Amino acid sequence: GAVVSQHPSWVICKSGTSVKIECRSLDFQATTMFWYRQFPKQSLMLMATSNEGSKATYEQGVEKDKFLINHASLTLSTLTVTSAHPEDSSFYICSARDFKGYEQYFGPGTRLTVT
Amino acid sequence: AQSVTQLGSHVSVSEGALVLLRCNYSSSVPPYLFWYVQYPNQGLQLLLKYTSAATLVKGINGFEAEFKKSETSFHLTKPSAHMSDAAEYFCAVSDRVGGYQKVTFGTGTKLQVIP
């Protein structure tokens, strides 16, 4: 149980375009989902916390107008990278928290490359 | 504020040797502690977790960790390293910040297993 999927697993896009990444909890309801960004050989950096039915909470330094997060249902959250630039190229990982609240289940990640 | 320190960004061990990955944390309240493993271009997989029950926690793949409050440590060990253990390992702490659980990751330790 507690499986989280991400789609796509990798994507290449041109500079200036927008890309949407989906995060789904497959076998449980996730009231909260998290979006992380990981640069090569570095740790995970929390970008935002997404609560179902409400606006996401962004960490300091993360542009909310660039990284649009929508959590419309208890099993789906989306991250849209708008007007992507090469510096947005990274590994994006989502996680979902169960009702007990202390453990997160991670998706397999999405590799974004902006050319 | 909570924080996690992982000593040693790279650790090399011989196949069959003891694996010891160090993690120290700081938290204002009793924390939940986790160890995750990440293989290249993949998401995070939970190895084990401490949630204020037994201080010695056994996880998957033969790993275990001991919570030592007096030392604020949660080191990860495995008696005998396998080649398949080569990966990046992250220690994480979760405690309640502003009314919700927030997870903070360490910077990671890359484990190399030498045949």
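Residues numbered from 1 in each chain as written. Chains lettered and ligands numbered in written order. Predicted model: local features only at pLDDT ≥ 70, side-chain atom pairs only at ≥ 80, totals over all residues. Heavy atoms only, no water.

## Quick look at the interface of chain A and chain B
This is how the line gets drawn: Contacts are assigned to residue pairs with any non-hydrogen atoms lying within 4.5 Å of each other. Buried area is calculated as the accessible area (1.4 Å probe) missing from two parts once they are joined, with the contributions of both summed. The salt bridge definition used is simple: a Lys or Arg side-chain nitrogen within 4 Å of an Asp or Glu carboxyl oxygen. Whenever two N or O atoms come within 3.5 Å, that pair is a polar contact, provided that in protein one can donate a hydrogen and the other can accept it, and provided that, for residues adjacent in sequence, both atoms are side-chain atoms. We count a stretch as a helix when DSSP gives it H or I for four or more residues in a row; a strand needs E for two or more, and each element gets its number in order from the N terminus. Under the scheme applied, nonpolar residues are Ala, Val, Leu, Ile, Met, Phe, Trp, Tyr, Cys and Pro; charged residues are Asp, Glu, Lys and Arg; polar residues are all the others, including Gly.
The interface of chain A with chain B comprises 19 residues on the first partner and 20 residues on the second. Roughly 1,600 Å² is buried in total at the junction of chain A and chain B, and carbon and sulfur atoms are behind 53% of that figure. For the interface between chain A and chain B, the tally reads zero salt bridges. For the pair chain A and chain B, the number of links is four residue pairs in polar contact (both at pLDDT 80 or more). The set of elements that each furnish at least two residues to the side of chain A that touches chain B consists of strand 4 (32–38), strand 5 (44–51), strand 9 (90–97) and strand 10 (104–106) of chain A. Across the side of chain A that touches chain B, the residue classes tally to nine nonpolar, six polar and four charged.

## With respect to the nonpolar core
Among soluble globular proteins, nonpolar side chains are generally buried collectively. The line we're drawing: Throughout this description, the term nonpolar core refers to a set of buried Ala, Val, Leu, Ile, Met, Phe, Trp, Tyr and Cys residues connected via side-chain atoms within 4.5 Å. Burial status follows relative accessibility: with a 1.4 Å probe on protein chains alone, a residue under 20% of its type maximum counts as buried, one over 50% as exposed, and anything between as partly exposed.
Counting 26 residues, the largest nonpolar core has Trp35(B), Leu48(B), Phe74(B), Leu76(B) and Tyr89(B) as its most contacted members. Those elements that provide at least two residues to this core are strand 2 (10–14), strand 3 (19–21), strand 5 (32–38), strand 6 (44–50), strand 8 (64–68), strand 9 (73–78), strand 10 (87–97) and strand 12 (109–114) of chain B. With four residues, the top contributor of residues to this core is strand 10 of chain B. Formed by 25 residues, the second largest nonpolar core is a distinct cluster that contains Val4(A), Val19(A), Ala30(A) and Leu79(A).

## Notes on the pattern of salt bridges
Residue and element names in this part refer to chain A. Taken as a whole and judged by the stated rule, the model has four salt bridges over all chains. Between Arg 24 and Glu 22 there is a salt bridge, and its shortest N-O distance comes to 3.4 Å. Residue classification places Glu 22 among the partly exposed residues on the basis of a relative accessible area of 23%. In this structure, the salt-bridge partner of Asp 88 is Lys 66, at a minimum N-O distance of 2.9 Å. You can see Asp 88 sitting in the loop between strand 8 (76–81) and strand 9 and its partner Lys 66 sitting in the loop between strand 6 (57–58) and strand 7 (67–73), a full 22 residues away along the chain. Judged by relative accessible area, Asp 88 falls into the buried class, the value being 3%.

## Re the sheet that holds strand 3 (residues 19–25) of chain A
Residue and element names in this part refer to chain A. Note the cut-off: Should DSSP find at least two bridges between two strands, the strands are taken to pair. Interaxial angles span 0 to 180 degrees and are taken between N-to-C directions of axes, which are lines fitted to C-alpha atoms, for helices over the stretch in contact.
Taken together, four strands build an open sheet; the order of strands is 1-3-8-7 and the sheet is antiparallel. Of all the strands in the sheet, the pair left with one neighbour each is strand 1 (4–7) and strand 7. Ignoring which end each strand starts from, the neighbouring axes of this sheet average 15 degrees apart. Direction of pairing for strand 3 relative to strand 8: antiparallel, over a ladder of six bridges. Residue pairing in the sheet places Cys 23 in a bridge with Ser 77 of strand 8.

## Some points on unusual backbone geometry
In this structure, the amide linkage connecting His7(A) to the following residue, Pro8(A), adopts the cis form with an omega of 0 degrees. Unusually for a residue other than glycine, Asn61(B) sits at a positive phi of about 60 degrees. On the secondary structure map, Asn61(B) appears in the loop between strand 7 (56–58) and strand 8.

## Comments concerning the packing of aromatic side chains
Heads up, the condition is: Pairing of aromatic rings covers Phe, Tyr and the six-membered ring of Trp, with a centre-to-centre limit of 6.5 Å; geometry is then stacked below 30 degrees between planes, edge-to-face above 60, and tilted otherwise.
Applying the stated criterion across every chain, the model contains twelve aromatic pairs over all chains. Measuring from ring centre to ring centre gives 5.5 Å for Phe63(B) and Tyr89(B), while their planes differ by 50 degrees; the resulting arrangement is tilted. Taken together, the residues Phe63(B) in the loop between strand 7 and strand 8 and Tyr89(B) in strand 10 connect sequence positions 26 residues apart. As far as the burial class goes, Phe63(B) and Tyr89(B) line up, both buried. Site record: aromatic cluster; members linked through ring pairs are Tyr36(A), Phe106(A), Phe34(B), Tyr36(B) and Phe105(B).

## Quick notes on the state of the cysteines
Two cysteines, two sulfur atoms, one covalent bond between them: this is a disulfide. The test is simple: Note on terminology: pairs of cysteine sulfur atoms within 2.5 Å are recorded as disulfides.
Applying the stated rule across the entire model yields two disulfides over all chains. A sulfur-sulfur separation of 2.0 Å characterises the disulfide bridge that pairs Cys23(A) with Cys94(A). The sign of the 80 degrees torsion about the S-S bond sets the Cys23(A)-Cys94(A) disulfide as right-handed. Residue Cys23(A) is found in strand 3, and its partner Cys94(A) is found in strand 9; the two are separated by 71 residues along the sequence. Exposure class is identical for Cys23(A) and Cys94(A). Each is buried. Each sulfur of the disulfide joining Cys23(B) and Cys91(B) lies 1.9 Å from the other. When the S-S torsion is -65 degrees, as for the bridge of Cys23(B) with Cys91(B), the disulfide is left-handed. Here Cys91(B) lies in strand 10 and Cys23(B) lies in the loop between strand 3 and strand 4 (24–26), a separation of 68 residues in the sequence. Exposure class is identical for Cys23(B) and Cys91(B). Each is buried. The structure places no disulfide on Cys13(A), whose sulfur is separated from the nearest cysteine sulfur, that of Cys94(A), by 18 Å.

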